[in-house]
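In case you want the letters, here they are:
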Amino acid sequence: YKHFMLKEIFEQPKNIKDALRGRILSRPERIKISSIEENIDRFEKAKRLIFISCGTSWHASLLAEYYFEELARIPVEVEYASEFRYRNAIIDNDTVILAISQSGETADTLAAIKKGKNKGALILGICNVVGSSISRLTDAGIYTHAGPEIGVASTKAFTAQVTVMIMLALKLGRKMGLEKTKGKKIIQSLNKISEDVTYILNSYE
């Protein structure tokens, strides 16, 4: 490849598979995410979800807002971590905060996590780097398994974040009464999406 960004764009099909591996199961078709199952009672009684993130992760969070409201029917707010950390936000035990970060070391996001924990919220981290500060500080978490990203403009890390958040929204949605046929159709689409991305990338010249 001419540069790292192009290489990482073409790694997206593999990254999608890695994000899904071990989490989408068959017979019966279902999504298994241990960190969610261990805290499912907090999610079920949550009055709202707050996504805190910066940069590319903030853009992924904007997509997640649509997924969670459509599938799980839980009110969602998306906040810049750099602003959230300085606000006197209304947070309590019925709030779930999802902290999104590729590196797991974003300073503003870490500060926002500490603020949320002090007010009693459940904090779920979604990040790429195992053992990172965010993965250690949060109550539970999900790794995206995107691998190192060298390109400054995020590609595969963004795709992996979006993939994980679709799974998470669907997992909660099925707990919240999402129509079984719709849930099954989304799972089937997720199983096929890596092939669809490969098809698109193969048209590149």
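What counts, and where the lines are drawn
- Residues numbered from 1 in each chain as written.
- Predicted model: local features only at pLDDT ≥ 70, side-chain atom pairs only at ≥ 80, totals over all residues.
- Heavy atoms only, no water.
- Axes fitted to C-alpha atoms, helices over the stretch in contact; angles between N-to-C directions.
- Helix = DSSP H or I, 4+ residues; strand = E, 2+ residues; numbered from the N terminus.
- Parallel < 35°, antiparallel > 145°, perpendicular 65-115°, else oblique.
- Left-handed = near helix turned anticlockwise from the far one by under 90°.
- Contact = heavy atoms within 4.5 Å.
- Expected span 1.5 Å × (residues − 1).
- Buried < 20%, exposed > 50% of the residue type's maximum accessible area, 1.4 Å probe, protein only.
- Pairing = 2+ DSSP bridges.
- Right-handed = clockwise from strand over helix to strand, strands pointing away.
- Core = buried A, V, L, I, M, F, W, Y, C linked by side-chain atoms within 4.5 Å.
- Phe/Tyr/Trp six-rings, centres within 6.5 Å; stacked < 30°, edge-to-face > 60°.

(A) Spatial organisation of the packing of helix H5 (residues 55–71) against helix H9 (residues 156–175). Put simply, H5 and H9 touch, their axes get as near as 9 Å, and they point 20° apart. The angle between H5 and H9 places the two elements in the roughly parallel class. In this structure, the crossing between H5 and H9 has a hand that is right-handed. Only Phe158, Gln161, Val162, Met165, Ile166, Leu168, Ala169, Leu170, Leu172 and Gly173 of H9 make contact with H5, whose side of the interface consists of Thr56, Ser57, His59, Ala60, Ser61, Leu63, Ala64, Tyr67, Phe68 and Leu71.

(B) How the structure looks around H5. Under the 1.5 Å per step criterion, the end-to-end length of H5 is 25 Å for 17 residues, consistent within 8% with the ideal 24 Å. Within the sequence span of H5, burial applies to Ser57, Trp58, Ala60, Ser61, Ala64, Phe68 and Leu71. Looking at the buried positions of H5, the neighbouring elements they touch are strand S3 (48–53), strand S4 (76–80), strand S5 (95–101), H9 and helix H10 (180–201). Downstream of H5 by one or two residues, Arg73 has phi in the positive range, about 55°.

(C) A look at the sheet that holds strand S6 (residues 122–127). What the five strands build is an open sheet, ordered S4-S3-S5-S6-S7; its pairing is parallel. Across the chains shown, the open sheet's two edge strands, defined by having one partner strand only, are S4 and strand S7 (140–143). For this sheet, the mean angle separating the axes of adjacent strands, direction not counted, is 20°. With five bridges joining them, S3 and S5 adopt parallel strand pairing. Paired with Ile52 across the strands is Ala99, a residue of S5. Its contacts with the sheet place H5 against S3, S4 and S5, and it is angled at close to 175° to S4.

(D) Spotlight on the pairing of S5. Burial analysis of S5 places seven of its seven residues in the buried class, the great majority of the element. Bridge count for S5 against S6 is six bridges, and the pairing is parallel. The residue bridging Val96 from the neighbouring strand is Leu122, located in S6. Following the backbone out of S5, through helix H7 (residues 107–118) and into the adjacent parallel S6, one traces a crossover that is right-handed.

(E) Molecular detail of the pairing of S4. For S3 and S4, the ladder comprises five bridges, and the chain directions are parallel. When the sheet's bridge partners are listed, Leu49 is paired in S4 with Val76.

(F) Quick peek at the nonpolar core. Ile36, Leu49, Phe51, Phe68, Leu98 and Leu168 are the most contacted members of the largest nonpolar core, which totals 44 residues. Ranked by residues supplied to this core, first place goes to H9 with nine residues. Setting aside chain neighbours within four positions, we find Ile36 in contact with Phe43, Leu124, Ile142, Leu168, Lys171 and Leu172. Ala81, Phe84, Ile91 and Ile123 belong to the second largest nonpolar core, which has 14 residues in total.

(G) Quick look at unusual backbone geometry. Positive phi is not limited to glycine here, since Arg73 has a value of about 55°. Note on placement: Arg73 falls in the loop between H5 and S4. For His145, which is not a glycine, the phi torsion comes out positive at approximately 60°. Exposure remark for His145: the relative accessible area of 36% places this residue in the partly exposed category.

(H) Focus on the environment of Gly116. By the element assignment, Gly116 lies in helix H7. Ignoring anything within four residues of it in the chain, the contact list for Gly116 reads Ile91, Ile97, Ala121 and Ile123.

(I) Examining the packing of aromatic side chains more closely. Inspection of the entire model under this criterion finds four aromatic pairs. Ring geometry for Phe51 against Phe68: centres 5.3 Å apart, planes inclined by 65°, an arrangement best described as edge-to-face. Of this pair, Phe51 sits in strand S3 while Phe68 sits in helix H5; the two residues are 17 residues apart in sequence, bridging distant segments of the chain. Of the residues examined, Phe51 reaches a relative accessible area of 0% and is grouped as buried.

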